[in-house]
2 protein chains.
Amino acid sequence: MTISTKEKIFYISLDLFSQKGFSGVSIREITREVGIKESSLYNHFSSKDEILESIFNFFREDFSKTLPPLETLNEILQKHSVKSFLRAGLHNFKKYMEDETGQKMWRLLQVEQFRSPLAREIILHDLYGKTIEFLEIVFTKFIEFKKIRPYNPKVLAIEYQYPVFSLLTEYNILKFDGKGTAEVEKKLEQHIDFFLNTILEK
Amino acid sequence: MTISTKEKIFYISLDLFSQKGFSGVSIREITREVGIKESSLYNHFSSKDEILESIFNFFREDFSKTLPPLETLNEILQKHSVKSFLRAGLHNFKKYMEDETGQKMWRLLQVEQFRSPLAREIILHDLYGKTIEFLEIVFTKFIEFKKIRPYNPKVLAIEYQYPVFSLLTEYNILKFDGKGTAEVEKKLEQHIDFFLNTILEK
DNA sequence: ATTATAAGCTAACGATCGTTAGTTATAAAG
DNA sequence: CTTTATAACTAACGATCGTTAGCTTATAAT
């Protein structure tokens, strides 16, 4: 399985945009890395903007697959303890974010968020919104099943997820500088422990 | 009290950089808004890079003043309940972030974080590091004074502050689009309530 | 009153920007 | 074998980039 020129452009653009921002990267820089002349790029994308757009659209579709479908949720929730469910979810999330493409997407969204309305939409609606919405359902069911103490499920979702987002920001910067991330991963563990402690039935 | 040309350049650059990123703003765009010719800018700053650098340095100094000095801390902590202390701190923090300059600084740091090592340093060391360090001391003392249940104070600091950071991200995007922020402020209240609930002596 | 300094101006430098027109090579489809 | 489509190429377009040289003017110190 080989990689097409269009895909090369896509991934190299993602890499460069995520580091230097859309405006900080030239068509010539992209095509130099791809190994083609700048005019050839327009055989694959109609403009520089279209490259960015295709990256954002790809991320939206890709990210929507990371949350398990609601149909299988009841089954999953009854099989697992709260603890193992959260840990499993975290494991998924970490895998996604340790993935290089995932990291670059996350970075790109951050650096383009005030230039691109679509980036803002993705951050608020997809990343934040969909994740919290999902967790809200999860905690609602956990409460139904009397696996955790009753509490506003949306608040629980936020209390669990928002520290994770901040930790991801930290993680991403450390990773970018090639520094160790053990400290952040420890914080993540401690956060889950703290959270479990407060919601589990005594 | 009038505003100097140098200050005009500073604030207009901050405004533009925070929206479009450093690379997305030209000297001509800055000087057009300031109302001078582009060559005149170089009477005040030696290069475009120096403008950005001066903005970052200003933020570092300015932000360091937002945390109360440690000397006065014992006194403050004994006068206030945990609840009123956290609410007061939050009030300060909100005031700083509702301030237009504060918002733009925060945005600028985000959009430049992967282009500028200094931006990353400020985010990790100043914004995250200093804040958590301060709160760690606060919670240590609260535990000493038996105002809250004993728990790893660093974990408490993170549990309190990291959701606030994520809420700020949300707040900043909504504010940027001119949308209402009531929802986010409600989440902030709920977060404090949740947190207080879990740490206060029963 | 003279001088020095600061801060504005005009004009231009070479470099680079995104994009296009026109051409050529390759390979699949008829 | 010819046609067609895809994707590479060369060359160039006008626009804009950050920055500089050299000149003028207003302000303030000597």
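This one's a predicted model, so the numbers in the text were calculated from it and none came from an experiment.

**Digging into the packing of helix α6 (residues 82-98) of chain B against helix α7 (residues 100-112) of chain B**
Residue and element names in this part refer to chain B. Put simply, α6 and α7 touch, their axes get as near as 4 Å, and they point 80° apart. By the angle class used here, α6 and α7 are roughly perpendicular. Along the contact surface, α6 presents Y96, M97 and E98, while α7 presents E100, G102, Q103 and W106. Looking at the contact of α6 with α7, its residues break down into 3 nonpolar, 2 polar and 2 charged.

**Overview of the protein's contact with DNA strand D**
The immediate surroundings of DNA strand D are formed by 18 residues, with T5, K37, S39, N43 and H44 of chain A found nearest. Restricting the count to atoms of DNA strand D within 4 Å of the protein gives a sugar and phosphate share of 46%. Within the contact set of DNA strand D, a base oxygen lies 2.6 Å away from a side-chain nitrogen or oxygen of S39 of chain A. Secondary structure elements with two or more residues in the surface near DNA strand D: α3 (38-41) of chain A together with α2 (27-34) and α3 (38-41) of chain B. A per-element tally of the surface near DNA strand D places α3 of chain A first, with 3 residues. For the surface near DNA strand D, the residue count by class is 4 nonpolar, 8 polar and 6 charged.

**What about the interface of chain B and chain A?**
On the chain A side, the residues contacting the 41 residues of chain B number 41 residues. Surface buried jointly by chain B and chain A totals about 3,800 Å² across both partners, of which 64% is contributed by carbon and sulfur atoms. Interface area lost by chain B to chain A is led by F114, I173 and F194 of chain B, which between them contribute 20%. Linking chain B with chain A are 4 salt bridges.

**Structural notes on the UniProt feature "domain: HTH tetR-type" (unreviewed entry) in chain A**
Per the UniProt entry, the sites bearing "domain: HTH tetR-type" (unreviewed entry) are residues 3-63 of chain A in this numbering. Secondary structure within residues 3-63 of chain A divides into 72% helix and 0% strand; the distance between the first and last C-alpha atoms comes to 22 Å.

**Brief notes about the domain arrangement of chain A**
Residues and elements named next belong to chain A. Domain annotation for chain A reports domain 1 (1-55) and domain 2 (66-199). Distance from the C-alpha centre of domain 1 to the C-alpha centre of domain 2: 31 Å. In this assembly, 12 residues from domain 1 lie in contact with 9 residues from domain 2. Buried area between domain 1 and domain 2, both sides added, is near 930 Å², and the carbon and sulfur share of it is 71%. If you sort the residues of domain 1 by the area they bury against domain 2, L14, S18 and L52 come out on top, with a joint share of 44%. Counting every contact that joins domain 1 to domain 2 gives 1 salt bridge. With its nearest N and O atoms 3.1 Å apart, the salt bridge here joins D15 to K104. Counting across the interface, domain 1 meets domain 2 through 2 residue pairs in polar contact (both at pLDDT 80 or more). Only α1 (5-20) and α4 (48-64) provide two or more residues apiece to the side of domain 1 that touches domain 2. Of all the elements, α1 adds the most residues to the side of domain 1 that touches domain 2, at 7 residues.

**Re the UniProt feature "DNA-binding region" (unreviewed entry) in chain A**
With numbering matched to this structure, UniProt assigns "DNA-binding region" (unreviewed entry) to residues 26-45 of chain A. Here residues 26-45 of chain A is 60% helix and 0% strand, with 14 Å between the C-alpha atoms at its ends.

**Examining the relation of the copies chain B and chain A**
Expressed as a screw operation, the relation of chain B to chain A combines 0.0 Å of axial shift with a rotation of 180°, fitting to an RMSD of 0.0 Å. Given the turn and translation reported, the copies of this chain are related as if by a two-fold rotation axis. For chain B, the residue whose C-alpha comes nearest the rotation axis is V111 of chain B, separated from it by 2.0 Å. Residue by residue, 100% of the interface of chain B is reproduced at the interface of chain A, so both copies engage with the same surface.

Rules behind the numbers
Residues numbered from 1 in each chain as written. Chains lettered and ligands numbered in written order. Predicted model: local features only at pLDDT ≥ 70, side-chain atom pairs only at ≥ 80, totals over all residues. Heavy atoms only, no water. Axes fitted to C-alpha atoms, helices over the stretch in contact; angles between N-to-C directions. Helix = DSSP H or I, 4+ residues; strand = E, 2+ residues; numbered from the N terminus. Parallel < 35°, antiparallel > 145°, perpendicular 65-115°, else oblique. Contact = heavy atoms within 4.5 Å. Nonpolar A, V, L, I, M, F, W, Y, C, P; charged D, E, K, R; others polar. Near = heavy atom within 4 Å. Polar contact = N/O pair within 3.5 Å; in protein donor to acceptor, adjacent residues only side chain to side chain. Buried area = accessible area lost by both parts, 1.4 Å probe. Salt bridge = Lys/Arg side-chain N within 4 Å of Asp/Glu carboxyl O. UniProt positions renumbered as here; feature names shortened; annotations may be inferred. Domains from an automatic or database assignment. Least-squares fit on C-alpha atoms with pLDDT ≥ 70 in both.

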